[in-house]
Amino acid sequence: MSRPDLSVNLGQLRLPNPIMVASGTFGYGLEYERLVDLNQLGALVVRSLTLRPQVGNAPLRLAETPAGMLNAIGLQNEGVEAFILETLPRLRAYSVPLIVSIAGESPEEYAQVAERLQRTSGLAGLELNLACPSPSHRAFDTAPQLTAEVVRAVRQTTDLPLFAKLSANGGDLVPIAQSAVEAGADGLTLIHSVAGLAVNPHTRRFRLASRVGHLTGPAIKPIALCAVWQVRQALPEVPLIGVGGITSLDDVLEFLLVGATAVQVGTGNYLCATLSTDLVGALTDYLTQNEIGTVRELVGAVRDVM
Ligand SMILES: Cc1cc2nc3c(=O)[nH]c(=O)nc-3n(C[C@H](O)[C@H](O)[C@H](O)COP(=O)(O)O)c2cc1C
């Protein structure tokens, strides 16, 4: 059998394969260039950028939990100007589709970052990290109106493919997903993380300085799968990127079957630096052995129990 076709389309954006790396878990990509062949990735999503550099939260910012981890990094990043001047020129040496994640404290800040990125070349798309506190202290991805305000503001500044990344912390995700698409998102990344907390019972102290953190890793996979599946039912045509707890080929297949067009590897990168490119190889072998011509055949192909 000839080599299977791994390419997928996220709207206008064509990826060579559906395995991406998730924002914030792979630095700017360059940190991994001696360990991972970046050009083998479906896409590289860099850590979220803000208008100005940020040092992030005070320690402690990480805590291990059963089947996952809590983080409260607090958007540590070099800022969009330094990224454009120093990091992006080095990333342009690679052919991997490059997606820049944007974070902000207001719709205007997201739009300002997007506007600067719009003026550069070499980007495949933008991802909006909407799990950031809005001026009302609620995260932007916890209410349809807040989500729409950011997406609309960014859409007005850029014609790059735009993906709205949502957590599942705002209750029913479907209306929030719908509002993101109506406001101009080309696709959705599901999910960011789940709010979580850990306490050391012996010291009687919170394990994170911020107290509440972002739970990620295999612990959240069923929540992420459910989010993808529910949004897929409501929005059958919208490109969805599934993320949450992927560490194996089976995990990738599960996300594709419930309707993800592509997937992202996050916490799994800490378990094994080459996990994402290993999964590209494993997916290729799986398609070949099962005589499946294109990975697109798997998307949404889940069947009922009986
Ligand atoms: C240490 C750490 C930092 C993260 N930083 C970001 C970030 O800057 N922007 C973002 O959108 N998501 C960030 N995330 C969330 C991941 O991109 C991903 O959505 C989440 O980890 C769920 O996937 P996983 O279970 O495979 O890790 C971060 C996650 C971790 C663990």
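Everything below is about the structure shown above.
Residues numbered from 1 in each chain as written. Predicted model: local features only at pLDDT ≥ 70, side-chain atom pairs only at ≥ 80, totals over all residues. Heavy atoms only, no water.

**Q** Help me understand the side chain of Ser179, please; the structure alone is not making it clear to me.
**A** Within the secondary structure, Ser179 is located in helix α4 (residues 173-182). In this structure Ser179 comes out as buried when scored by relative accessible area, which is 9%. Looking at Ser179, its side chain comes within polar contact range of the main-chain oxygen of Ile176, at 2.9 Å. Setting aside anything within four residues of it in sequence, one finds Ser179 in contact with Pro144, Thr147 and Ala148. (Helix = DSSP H or I, 4+ residues; strand = E, 2+ residues; numbered from the N terminus. Buried < 20%, exposed > 50% of the residue type's maximum accessible area, 1.4 Å probe, protein only. Polar contact = N/O pair within 3.5 Å; in protein donor to acceptor, adjacent residues only side chain to side chain. Contact = heavy atoms within 4.5 Å.)

**Q** I'm lost on the site of the ligand in this one. Help?
**A** The environment of the ligand is formed by 21 residues, the closest being Ser23, Ser48, Lys165, Gly245 and Thr267. Separating an oxygen atom of the ligand from a backbone N or O atom of Gly245 is a distance of 2.7 Å. In this structure, an oxygen atom belonging to the ligand sits 2.5 Å away from a side-chain N or O atom of Thr267. Here the ligand has 600 Å² of accessible area as a free molecule, and 95% of this is covered by the chains. Considering only residue class, the shell around the ligand consists of seven nonpolar, 13 polar and one charged. (Near = heavy atom within 4 Å. Areas by Shrake-Rupley, 256 points an atom, 1.4 Å probe, with all protein chains shown as cover. Nonpolar A, V, L, I, M, F, W, Y, C, P; charged D, E, K, R; others polar.)

**Q** Would you mind going over the pattern of salt bridges with me for this structure?
**A** It is possible for side chains bearing opposite charge to pair when their charged atoms get close. Using the criterion set out here, one finds seven salt bridges in the structure. The residue Arg296 makes a salt bridge to Asp5 at a minimum N-O spacing of 3.3 Å. Within this pair, whereas Arg296 is found in the segment after α8 (275-289), its partner Asp5 is found in the segment before β1 (8-10), the two being separated by 291 residues in sequence. Glu254 is the partner of Lys221 in a salt bridge, and the nearest nitrogen-oxygen pair spans 3.1 Å. (Salt bridge = Lys/Arg side-chain N within 4 Å of Asp/Glu carboxyl O.)

**Q** How should the pairing of strand β16 (residues 262-265) be read in this particular structure?
**A** Successive side chains on a regular strand alternate, one facing one side of the sheet and the next facing the other. The side-chain alternation of β16 yields two buried faces, one formed by Ala262 and Gln264 and the other by Val263 and Val265. Relative to β16, strand β3 (residues 19-21) is paired through three bridges, and the arrangement is parallel. Each bridged residue has a counterpart across the sheet, and for Val21 the counterpart in β16 is Val265. In the sheet, strand β15 (residues 240-243) pairs with β16 via three bridges, with the strands oriented parallel. Bridge pairing in β16 links Gly242 to Val263. The parallel pair β15 and β16, bridged by helix α6 (residues 249-257), forms a crossover whose chirality is right-handed. (Pairing = 2+ DSSP bridges. Right-handed = clockwise from strand over helix to strand, strands pointing away.)

**Q** Just to check I follow, could you spell out the packing of α4 against helix α5 (residues 221-234) for this structure?
**A** Relative orientation and spacing of two packed helices are given, respectively, by the angle between their axes and the distance between those axes. At a minimum axis distance of 10 Å, the contact between α4 and α5 shows a crossing angle of 60 degrees. By the angle between their axes, α4 is oblique relative to α5. Along this stretch, α4 crosses α5, giving a crossing that reads as right-handed. Taken together, the residues of α5 that come into contact with α4 (itself represented by Leu173, Val174, Ala177 and Gln178) are Ala227, Gln230, Val231 and Ala234. (Axes fitted to C-alpha atoms, helices over the stretch in contact; angles between N-to-C directions. Parallel < 35°, antiparallel > 145°, perpendicular 65-115°, else oblique. Left-handed = near helix turned anticlockwise from the far one by under 90°.)

**Q** So what exactly am I meant to see when it comes to unusual backbone geometry here?
**A** Generally, phi is negative for residues other than glycine and the peptide bonds are trans, each holding for most cases. For the bond running from Pro59 to Leu60, omega is 5 degrees, close enough to zero to count as cis. Of note, Leu60 is situated in the loop between β4 (43-45) and β5 (62-65). For the bond from Leu190 to Ile191, the omega torsion is 5 degrees, close enough to zero to count as cis. Note on placement: Ile191 falls in the loop between β10 (187-190) and β11 (194-197). Backbone geometry places His137, a non-glycine residue, at a positive phi of 75 degrees. Note on placement: His137 falls in the loop between β8 (125-129) and α3 (144-155).

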